Amino acid sequence: MRFAQIIDFKTDRFDDMDRLMDEWVDQTKGKRTATHSLIGKDRSDEAHIVEIVEFPSYDEAMKNSELPETERIFRDMVALCDGTPTFTDLDVVREEQLNEATSRRFFHEIAVGGNLDAVDEIFASDYRDHDVAKPTESVGSQHIRSDVSGWRAAFDFTFSLEREICQGDDVVTLWTWTGTHKGDFMGIAPTGRQCVMTGTTIFRFKDGKIQEGWWHEDLMGLMRQLTG
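Below you will find a few notes about this structure.

## Examining the overall build of the protein chain
Along the backbone of the protein chain there are 7 helices and 10 strands. Since a compact globule built from 228 residues should have a radius of gyration of about 17 Å, the 24 Å found for the protein chain marks it as more spread out than a globular shape. Per-residue burial over the protein chain gives 36% buried out of 228 residues. Considering only contacts in the protein chain between residues 6 or more positions apart, those separated by 24 or more positions represent 62%. Surface summary for the protein chain: the accessible area is close to 13100 Å², and the carbon and sulfur share equals 49%. Between the centroid of the 26 positive side chains of the protein chain and the centroid of its 44 negative side chains there is a distance of 3 Å.

Structure representation (structure tokens):
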């Protein structure tokens, strides 16, 4: 079971604390078992800091705490704090990657399902779109609506999401698209052919909405299948 530890403390020397944490990350490289760390500052009290550290399991967290580097850094950390930090140990019973879920919602609900009303729910109004098939970037969520409508008019299709990678505000999706050509597409009359295309999409999120997207698809391969 995944494990998380909440460290709650107060300090007026956050810059020194920040450098100390960077030092711990550097010194425990290849040794530590922590997988993710999030540090937040209380908006109503800048001296109040909360750190959430994630581990694969409680046992792995204990191994991390036994590292000599961790013990030394903790002593230095306490010296920078106003009082002794408090620790809350949590077994993770549910985890939601919200950006990842929103990204999947685009592929399944909007692109395949055709729910264009959801575009404004998950895309920023000033969304910026970069597509290798277009000469310039597009700005505005209306372009997503237009692109989806065009693809749905030309093909009956599905997406298979082969892999999704989340890092920071970015979600990278490697996908396989399978479609049957039923309408005009880039000047090609309907052929009835079933085609397969692979690609990668990167969505950058801001405030819970997709702010920017990059599309890399094998459009040339698709055209060969339609005209060959």
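And the narrative resumes.
## Regarding the packing of helix α4 (residues 98-112) against helix α6 (residues 142-154)
In the contact formed by α4 and α6, the axes pass within 10 Å of each other and the chain directions differ by 65°. Taken together, the residues of α6 that come into contact with α4 (itself represented by F106, I110, A111 and V112) are I144, V148 and R152. A breakdown of the residues in the contact of α4 with α6 according to their chemical character gives 6 nonpolar, no polar and 1 charged.

## A closer look at the pattern of salt bridges
A side chain of one charge can pair with a side chain of the opposite charge if their charged atoms are brought near each other. The final tally for this structure, using the stated rule, is 20 salt bridges. Notably, a salt bridge pairs R104 with E100, separated by 3.2 Å at the nearest N-O pair. In this pair, R104 and E100 both sit in helix α4, 4 residues apart, roughly one turn of the helix. With relative accessibility at 31%, the residue R104 sits in the partly exposed group. In this structure E100 comes out as buried when scored by relative accessible area, which is 18%.

## Examining the packing of helix α1 (residues 14-27) against helix α3 (residues 68-80)
For the pair α1 and α3, interaxial distance at closest approach is 10 Å and the crossing angle is 180°. Between α1 and α3, the interaxial angle falls into the category roughly antiparallel. Of the residues in α3, those touching α1 at D16, M17, L20, E23, W24 and Q27 are E69, T70, R72, I73, D76, M77 and L80. Its residues placed into classes, the contact of α1 with α3 shows 6 nonpolar, 2 polar and 5 charged.

## Concerning the sheet that holds strand β2 (residues 36-42)
The strand order across the open sheet formed by 4 strands is β2-β3-β1-β4, and the pairing between neighbours is antiparallel. Each end of this open sheet is capped by a strand with a single partner; those strands are β2 and β4 (86-91). Pairwise comparison of adjacent strand axes, ignoring direction, gives a mean angle of 15° for this sheet. Direction of pairing for β2 relative to strand β3 (residues 45-55): antiparallel, over a ladder of 7 bridges. Each residue of the ladder has a partner; that of S37, found in β3, is V53.

## Topic: the sheet that holds strand β5 (residues 123-131)
Spatially, 6 strands are ordered β6-β5-β10-β9-β8-β7 in an open sheet, and the strand pairing comes out mixed. Whereas interior strands pair on both sides, the edge strands pair on one side only; in this sheet they are β6 (138-139) and β7 (155-167). Pairing geometry for β5 and strand β10 (residues 209-217), over 5 bridges, is parallel. Bridged to F123 within β10 is I210. Each of β5, β6, β7, β8 (170-181) and β9 (194-206) is contacted by α6, which is oriented at about 135° to β7, the strand it contacts most. Sheet strands in contact with helix α7 (residues 219-227) are β7, β8, β9 and β10, and its direction is about 155° off that of β9.

The rules behind these values
- Residues numbered from 1 in each chain as written.
- Predicted model: local features only at pLDDT ≥ 70, side-chain atom pairs only at ≥ 80, totals over all residues.
- Heavy atoms only, no water.
- Helix = DSSP H or I, 4+ residues; strand = E, 2+ residues; numbered from the N terminus.
- Rg over C-alpha atoms; globule rule 2.2 N^0.38 Å.
- Buried < 20%, exposed > 50% of the residue type's maximum accessible area, 1.4 Å probe, protein only.
- Contact = heavy atoms within 4.5 Å.
- Areas by Shrake-Rupley, 256 points an atom, 1.4 Å probe, with all protein chains shown as cover.
- Lys, Arg positive; Asp, Glu negative; His and termini not counted.
- Charge placed at Lys NZ, Arg CZ, Asp CG, Glu CD.
- Axes fitted to C-alpha atoms, helices over the stretch in contact; angles between N-to-C directions.
- Nonpolar A, V, L, I, M, F, W, Y, C, P; charged D, E, K, R; others polar.
- Salt bridge = Lys/Arg side-chain N within 4 Å of Asp/Glu carboxyl O.
- Parallel < 35°, antiparallel > 145°, perpendicular 65-115°, else oblique.
- Pairing = 2+ DSSP bridges.

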